Amino acid sequence: MPSGYTRRADPSGRSTIAFDKRAAKSFIRINDRIRAREVRVIDENGEQLGILPPFEALKIARERGLDLVEVSPNAVPPVCRIQDYGRFLYEKEKSERAARKKQKVITLKEVKFSVTVDEHDYQTKKNQAVRFLQEGDKVKASLRFRGRQMAHRELGYAIINRLIQDIGETGVVEFMPRMEGTTLHAILAPSKKQEQQPKPKAPAPSPQQTAPAAQ
C-alpha cells in the first residue's frame, strides 16, 4: 500500500483505501505501512511482547481494536507499539504544543539616546535597558546624530560606552558600538549569569506562623 494510505471499512463492510493526511505529514508508519522484517512489540499496557513479524503484531493489534504504530524506526529491530493511533497523535501534538510554550521568544528592544541627553533621561533609559535584559530580551542602544553633531561623534561613543559599563554583568556586548549612516548603535544580550540566576524562593514560614494556636 502506498505511503500515507490506510485501509478502512465503508458502511457496507467493504474494505477501502483512504489517504491518511496525519500519517503522511508526520512520517509515522502504522499497520500495513510497516515494512521491517521483524519488530519489537510493546502492547497498550507497556508490556514487552517480544520480537515478532509485523503481520503477527498487526494481527494482535487488530484483535484488540487498536493500531500498530512504529515509534522507534531507527532501532534494531524497529520498535512498534500497540495503541490507538488517533490518541497517539493527540498526545504527540499536545506535548509539542507544551514544548513550544516553554520556549523563550527573545525580542530585540530598542533604547534611544541623543548626544544632548541629560543625566535624568540617561538613568531612565539605562534602567529600561537593564529591565529588558533581566526579562531575557536583547537591547539595541542607538544614538542618532543630527546636523553638526556628526562632527562630535566621540560624544555619542562616550554615551554608549558608558551604558555598556553601567549595565555591568546584567548584559554582554553582542555587537560593539558602530556607525550606520547617522546612527550609532550597539546590541546587548542577557548574560549567561543573568539567564542562569535562580528565581528567588518564597521565605519559609517562621516558627510562630507554623505553631498551632494555643487552646
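Starting from 1, residues in each chain are numbered consecutively following that chain's sequence as written. Where totals are concerned, whole chains, interfaces and linings use all residues; where local detail is concerned, this predicted model gives features only for residues with pLDDT of at least 70, and gives and counts side-chain atom pairs only at 80 or more. The side-chain values count all of the structure's non-hydrogen atoms but skip hydrogen atoms and water molecules.

## Observations regarding the pairing of strand S4 (residues 48-52)
Only when DSSP finds a minimum of two bridges between them are two strands counted as paired. Secondary structure counts use DSSP, requiring at least four H or I residues in a row for a helix and at least two E residues in a row for a strand, with both numbered from the N terminus. By the bridge criterion, four bridges tie strand S3 (residues 39-42) to S4 in an arrangement that is antiparallel. What sits directly across from Ile-42, in S4, is Gln-48.

## Side note on the sheet that holds strand S7 (residues 108-113)
Spatial ordering of the open sheet is given by S7-S8-S10-S9, a layout of four strands whose pairing is mixed. The outermost strands of the open sheet, each flanked by one partner alone, are S7 and strand S9 (171-180). Ignoring strand direction, the axes of neighbouring strands in this sheet form an average angle of 20°. As paired strands, strand S8 (residues 138-144) and strand S10 (residues 183-190) are joined by six bridges and run antiparallel to one another. In the strand pairing of S10, Ala-141 is matched with Ala-186. Residue contacts are counted whenever heavy atoms from the two residues lie within 4.5 Å of one another. A fitted line through C-alpha atoms represents every axis, and for helices the fit uses only the stretch in contact; the resulting angles, taken between N-to-C directions, go from 0 to 180 degrees. Relative to the sheet, helix H4 (residues 119-134) contacts S7, S8, S9 and S10, its axis offset from that of S7 by approximately 170°. Helix-sheet contacts for helix H5 (residues 153-167) involve S7, S8, S9 and S10, and the interaxial angle to S9 is about 170°.

## A few points about the packing of aromatic side chains
Here the aromatic set is Phe, Tyr and Trp, taking the six-membered ring for Trp, and pairing holds for ring centres within 6.5 Å; pairs whose planes are under 30 degrees apart are stacked, those over 60 apart are edge-to-face, and all others are tilted. Taken as a whole, this structure holds two aromatic pairs when the rule is applied. Judged by centre distance (5.9 Å) and plane angle (45°), the ring pair of Phe-113 and Tyr-122 falls under tilted. The rule is simple: take the accessible area with a 1.4 Å probe, protein chains only, and divide by the maximum for that residue type; under 20% is buried, over 50% is exposed, in between is partly exposed. In this structure Phe-113 comes out as buried when scored by relative accessible area, which is 7%. Look at Tyr-122 and you get buried, because its relative accessible area is 3%.

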